[in-house]
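Survey of secondary and tertiary structure
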Amino acid sequence: MIGYISDNLLIPILDFFYGLVPSYGLAIVALTIVIRLALFPLSAGSIRSARRMKIAQPVMQKRQAEIKSRYASNPQKQQEELGKLMGEFGSPLAGCLPLLVQMPILFALFATLRGSPFADVPYLVNIKVLPSDQIAAVEPKPFKTAKHSIFITEKNHFPVIASLPGGTKIGSGDSVKINLQTLNGDSYVNELQKYENGSKFSPSWTVTKGEDIVKVSSDGTVNALNPGDATVEAKIPGLAAKSGFLFIKALGNVGFYVDGAIHWDIAILVAGFGLTLVISQVLSGRGMPVNKQQSTANKITPVMITGMFLFFPLPAGVLLYMVIANIFQGLQTFLLSRESLPENLQKILDEQLKQQDTPSVTVTSEVISDSDRLPFEPKSNK
């Protein structure tokens, strides 16, 4: 489903915006905004539900405990009363459905920005080399990788897969060729010859695991040396992987620290992601009672998520999308936080805020002995 959405929805939208403004950086921004606007009703439903549950949760928990205690011996009545409670405040799961509906589109958008034209596209083939006397007993099972749309020019792209007709199990001493081909079965290398600069997108072949197990040549032919497991990678250059945008040196750059050099554009994007995440969380708590436990989690979560991208890096184009998406999410949260609440929830919220603003006074009493009393203080009549 994710590949279908990417090929038939997101990439055509991307082509459209690049046709208007020939900048892949601006195309990412425009694509992100369009998708977020399209998903606005769904994400708004999730935000509204989360806001209302945050207010109602303390009351619901108290009422649920009372219902379960009162009707402990009558399960049918207990379920009936709990149903009424959900009808009054809504179900905590109500905000999950909109999230589930929009997740495939967001995953497809994420996958699109990690592929061509924004980044180099890898095709990984895991190969198992068996002793030559065992391979005859293995039934061949054709193998194909997932398809990726490869951009040869700004207006020309087509899906490409890697395949092994005889399967990924080969005998020691044997040779097989990994085919890069279109969905019609045409050779990818032959397709490149139709374009003036097609050779720029020729694949590079490497063994990423098991160099003592297999060797691979420049045309994708794998030679099995010894029994064991190996991984062969074919990598096709991304058309816009080296393209810059604003302060971003290359949309396909991955990693904050690479080969002894610091990529400050990546650092700025990661910091921007963390900052926009914090702002979005602050806006989500606007006008709400303070929850100390939740407040602590809100401080830790952005730091953890932001730090994760330093150790598990993403391409600059993906980080750009995430920053723009966070900004949009923050604006959406701000607008929805100004919406009026249902009367019953507004009453609960007013009471919660009143209790929060009322300082608690603790009165302590102590007995002072006559020996501790100052000279001018009267003695107590005990």
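Residues numbered from 1 in each chain as written. Predicted model: local features only at pLDDT ≥ 70, side-chain atom pairs only at ≥ 80, totals over all residues. Heavy atoms only, no water.

**Describing the overall build of the protein chain**
What the protein chain contains, in helices and strands, is 10 helices and 13 strands. Per-residue burial over the protein chain gives 39% buried out of 382 residues. Taking all contacts inside the protein chain whose residues are at least 6 apart in sequence as the whole, residues at least 24 apart take part in 67%. Roughly 22400 Å² of accessible area belongs to the protein chain as shown, and the carbon and sulfur atoms make up 58% of that amount. (Helix = DSSP H or I, 4+ residues; strand = E, 2+ residues; numbered from the N terminus. Buried < 20%, exposed > 50% of the residue type's maximum accessible area, 1.4 Å probe, protein only. Contact = heavy atoms within 4.5 Å. Areas by Shrake-Rupley, 256 points an atom, 1.4 Å probe, with all protein chains shown as cover.)

**A short note on the packing of aromatic side chains**
Under the criterion given, the structure shown has 2 aromatic pairs. Residues F16 and F17 carry aromatic rings whose centres are separated by 5.4 Å and whose planes lie at 70° to one another, so their mutual orientation is edge-to-face. (Phe/Tyr/Trp six-rings, centres within 6.5 Å; stacked < 30°, edge-to-face > 60°.)

**A word on the sheet that holds strand 10 (residues 221-224)**
Hydrogen bonds along the backbone pair up the strands of a sheet, which may run parallel or antiparallel. The sheet built from 3 strands is open, its strands ordered 6-10-9 with antiparallel pairing. The open sheet has two edge strands with one neighbour each: strand 6 (175-177) and strand 9 (214-216). Recorded for the sheet is a direction-independent mean angle of 20° between the axes of neighbouring strands. In this sheet, strand 10 lies alongside strand 6 in antiparallel orientation, the contact comprising 3 bridges. In the sheet register, V176 faces strand 10, and the bridge partner there is V222. (Pairing = 2+ DSSP bridges. Axes fitted to C-alpha atoms, helices over the stretch in contact; angles between N-to-C directions.)

**Here we look at the pattern of salt bridges**
Throughout the structure, instances matching the rule amount to 3 salt bridges. A salt bridge links D229 to K128; its shortest N-O distance comes to 3.2 Å. You can see D229 sitting in strand 11 (residues 228-236) and its partner K128 sitting in strand 1 (residues 121-130), a full 101 residues away along the chain. Here D229 falls in the partly exposed class, since its relative accessible area comes to 41%. In this structure, the salt-bridge partner of E191 is K194, at a minimum N-O distance of 3.0 Å. (Salt bridge = Lys/Arg side-chain N within 4 Å of Asp/Glu carboxyl O.)

**Thoughts on the sheet that holds strand 11**
Taken in spatial order, the 4 strands line up as 5-1-11-8 in an open sheet, and their pairing is mixed. The two strands at the open ends of the sheet, each matched to only one other strand, are strand 5 (169-171) and strand 8 (204-209). In this sheet, neighbouring strand axes are inclined to one another by 35° on average, regardless of whether the strands run parallel or antiparallel. Two strands pair when backbone bridges link them, and strand 1 and strand 11 are joined in this way by 9 bridges, in the antiparallel orientation. Residue P122 lies in a different strand from strand 11, and its bridge partner there is K235.

**Considering helix 3 (residues 40-70)**
Here helix 3 is 31 residues long and its end C-alpha atoms lie 42 Å apart, about the 45 Å a rise of 1.5 Å per residue gives. Roughly 50° is the biggest bend found in helix 3, and it falls at A56, with proline P58 one to four residues downstream. Looking at helix 3, one finds that the buried residues are S43, A44, S46, I47, S49, R51, M53, I55, A56, M60 and I67. (Expected span 1.5 Å × (residues − 1). Bend = angle between axes of the 7 residues up to and from the residue.)

**Section: the side chain of T145**
Turning to its location among the elements, T145 is positioned in the loop between strand 2 (143-144) and strand 3 (148-151). Dropping the residues within four chain positions of it, T145 is found in contact with Y123, L124, V125, I161 and A162.

**What to know about the side chain of Q181**
Among the secondary structure elements, Q181 is positioned in strand 7 (residues 179-182). According to the relative accessible area criterion, Q181 is buried, its value standing at 15%. Looking at Q181, its side chain comes within polar contact range of the side chain of S163, at 3.3 Å. (Polar contact = N/O pair within 3.5 Å; in protein donor to acceptor, adjacent residues only side chain to side chain.)

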